[in-house]
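Remarks on the overall topology
So the chains spell out like this:
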Amino acid sequence: MWKLSLRRASRFGLVLTFCFGSLVPDQAATKMKLHGYLTGRVDENTLLILDDRIEVTPASRILGKDAAGEHSLNRQELSPGMLVEAEGQWLEKHRFFAEKLTVELGEDEKKIHGSAYLQEAPADAAKIAGGATSELKVDGYWLTLDGHTKRVWSPTKAGEGLAANTPTQNGVLAGYHVKYSGLWRKDGRIEAEEVDLGPPAPADDYKMPHSLEIVTAKDAQTGIDVLEFRQGKKVQGRMKLLAERTVQEYVSHLGDSLIPEGAKGTRRPIEFRFFVVEDPEVNAASLPDGTLLINTGLLGALENEAQLAFVLSHEMAHVLQVHYRREVEETRGARVGLTIAGLAAGAFIGNAGVFMAQIGIASAVNGHQRELENQADRLALQNVIEHGYDPREASNFSRIIINRYGDRTTSKLWSNHDSSVLRGSFLTVQLMREYPEGRWDGTKKNTSAFQAMKDDLGPVKIM
Ligand SMILES: [Zn+2]
């Protein structure tokens, strides 16, 4: 998902308006929290999270939190890239005084380990297999392999058991699984300690739950284009598609141009489909089978093609990395039973979030665990860079939303902006760390096709 919670913010805003009519908030209630990655350091007393200056003085309590518990840190130990939670007061717009600042130390360890399906074929595949010094781009990171790297890397062995003539049998490793561990280097690369090649994800991982099929149809009464969630002949849900064909075609065309090579490497090639649905929420969603839903509210809020390219890449990464299956496994959550009773003829899904929860994939619109969202963001950054787009537009989009919709000096509801601040600051840190030499001026940001789409879209409701 690419969620920027505006709907909830405004709903709570309304509640607060009533509250303040009769209640005077006490001191504790006016304390604010800010959660995000440090993106810079201005001076000894000032750190940055995107455009917000966080003031830290000797009066501030600074704690480091890791698996062993909490211990105090000094100001000098704070550095860009750390995930922090600041508690304190807004002094003015973009200026926050931290009474207490907690650093989540697990996020900034020297050692890193993870796993991902290869978004593209590794350029150095032969060298990696042969034990030579080589490079591997995986999981949005650059790994350097040398004589010390332990390699469990046999394409033949990893491909065992795959049916003959599947795309994964032709020796191209896009879509294969890689487990890795290593140490961060100063230049942002990872010195690989171990890389372990495994098979692509099972074809079933890309199935919709409950054998739901997603098909386009026409509403019998009104003739408007709809997207239907069908189970056999029964229609379990329907969404309104945007009628503007040119907008649908533009988004599909852009999406197709961004499909990573890894989509061909799955055991059953994924067919990505892109649908613009009428929904004012600034959000996009992906379903396990490669269906992407792009809200009109999102298109209305976007400023350029680079931003849309990033959002589409992010959603495709959720699909290719089988985040739905991982979520079920890692949260030990049981598959939710189908709780909907079907729709009355002619009815539409009132709330996409409620519907997705009913079919057991709430994370499609509400977001996955942070590690999975971060992985989708890293891979999306890599994808847009490879397609010639300006990756800075990814965090700029978060900034636009924060600045336009989050007047945080008056808002009492920090948590509603959490996702935008967290995401924007994560993207900034990732770009600084992985591409320290990045030169983005002159990369693609906008196109006449994007502008034409905005004109055809016209004014839309944004929530
Ligand atoms: Zn997401």
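Residues numbered from 1 in each chain as written. Predicted model: local features only at pLDDT ≥ 70, side-chain atom pairs only at ≥ 80, totals over all residues. Heavy atoms only, no water.

Next up on the list: the overall build of the protein chain. A tally of helices and strands in the protein chain yields 13 helices and 20 strands. Out of the 463 residues belonging to the protein chain, those deemed buried represent 49%. Considering only intrachain contacts with a sequence separation of at least 6, the fraction spanning at least 24 residues in the protein chain is 69%. As displayed, the protein chain offers around 20,700 Å² of accessible surface, 51% of which is attributable to carbon and sulfur atoms. (Helix = DSSP H or I, 4+ residues; strand = E, 2+ residues; numbered from the N terminus. Buried < 20%, exposed > 50% of the residue type's maximum accessible area, 1.4 Å probe, protein only. Contact = heavy atoms within 4.5 Å. Areas by Shrake-Rupley, 256 points an atom, 1.4 Å probe, with all protein chains shown as cover.)

What follows covers the sheet that holds strand β18 (residues 273-277). Read across the open sheet, the 3 strands follow the order β18-β20-β19; overall the sheet is mixed. In this open sheet, the two strands that pair with only one neighbour each are β18 and β19 (284-286). With direction set aside, neighbouring strand axes in the sheet form an average angle of 15°. (Pairing = 2+ DSSP bridges. Axes fitted to C-alpha atoms, helices over the stretch in contact; angles between N-to-C directions.)

This brings us to the packing of helix α6 (residues 305-320) against helix α10 (residues 370-386). Orientation of α6 relative to α10, taken along the N-to-C sense of each, is 125°, at an axis distance of 8 Å. Comparing the axis directions of α6 and α10 gives the class oblique. Between α6 and α10 the crossing geometry is right-handed. Contact residues: Ala-309, Phe-310, Ser-313, His-314, Ala-317 and His-318 in α6; Leu-372, Glu-373, Ala-376, Asp-377, Leu-379, Ala-380, Leu-381, Asn-383 and Val-384 in α10. Here the residues of the contact of α6 with α10 sort into 9 nonpolar, 4 polar and 2 charged. (Parallel < 35°, antiparallel > 145°, perpendicular 65-115°, else oblique. Left-handed = near helix turned anticlockwise from the far one by under 90°. Nonpolar A, V, L, I, M, F, W, Y, C, P; charged D, E, K, R; others polar.)

Attention now goes to the sheet that holds strand β17 (residues 234-240). Hydrogen bonds along the backbone pair up the strands of a sheet, which may run parallel or antiparallel. Taken in spatial order, the 3 strands make up an open sheet running β15-β16-β17, and their pairing is antiparallel. Bordering the open sheet on either side are β15 (213-218) and β17, each of which pairs with just one other strand. Going from strand to strand, the sheet's axes swing by 35° on average, the running direction of each strand aside. Here 6 bridges tie β15 to strand β16 (residues 225-231), and the two strands are oriented antiparallel to one another. Among the inter-strand pairings, Glu-213 is bridged to a residue of β16, identified as Arg-230.

Before going further, it helps to spend a moment on the packing of aromatic side chains. Applying the stated rule across the entire model yields 8 aromatic pairs. With centroids separated by 6.3 Å and ring planes inclined at 70°, the aromatic side chains of Tyr-141 and Tyr-180 adopt a geometry described as edge-to-face. Here Tyr-141 is found in strand β11 (residues 141-145), whereas its partner Tyr-180 is found in strand β13 (residues 177-184), with 39 residues between them in sequence. We classify Tyr-141 as buried; its relative accessible area is 6%. (Phe/Tyr/Trp six-rings, centres within 6.5 Å; stacked < 30°, edge-to-face > 60°.)

This part covers the pattern of salt bridges. Summed over the entire model, instances satisfying the criterion amount to 24 salt bridges. As a salt-bridge pair, Lys-137 and Glu-386 come within 2.4 Å of each other at their nearest N and O atoms. Taken together, the positions of Lys-137 in strand β10 (residues 134-138) and Glu-386 in helix α10 put the pair 249 residues apart, joining distant regions of the chain. Arg-423 serves as the salt-bridge partner of Asp-377, at 2.9 Å between the closest nitrogen and oxygen. Pair noted here: Asp-377 is in helix α10 and Arg-423 is in helix α12 (residues 418-434), with a separation of 46 residues, a long-range link. Note on Asp-377: relative accessible area 1%, which makes it buried. Residue classification places Arg-423 among the buried positions, given a relative accessible area of 8%. (Salt bridge = Lys/Arg side-chain N within 4 Å of Asp/Glu carboxyl O.)

Another aspect to go through is the packing of helix α4 (residues 245-257) against helix α13 (residues 448-457). In contact at an axis separation of 9 Å, α4 and α13 are set at 150° when each is read in the N-to-C sense. With respect to the hand of their crossing, α4 and α13 are arranged in left-handed fashion. Contact residues: α4 offers Thr-246, Val-247 and Tyr-250, while α13 offers Ala-449, Phe-450, Met-453, Asp-456 and Leu-457. For the contact of α4 with α13, the residue count by class is 6 nonpolar, 1 polar and 1 charged.

The next point concerns the nonpolar core. Counting residues in hydrophobic clusters, the biggest one holds 47 residues, and the most contacted among them are Phe-272 and Leu-299. If you tally residues by element for this core, the top one is α6, at 9 residues. Apart from residues lying up to four places away in sequence, Phe-272 is in contact with Asp-256, Ile-259, Ala-263, Gly-290, Leu-292, Met-316, Val-319 and Leu-320. (Core = buried A, V, L, I, M, F, W, Y, C linked by side-chain atoms within 4.5 Å.)

This part takes up the pairing of β10. Along β10, the buried face is formed by Ser-134, Leu-136 and Val-138; none of Glu-135 and Lys-137, which line the opposite face, is buried. In textbook terms, the turn of a hairpin is the stretch between consecutive antiparallel strands, and for β10 and β11 this stretch comprises 2 residues, one of which, Asp-139, has a positive phi near 65°.

Keep in mind that these numbers describe shape and distance, not what the molecule does.
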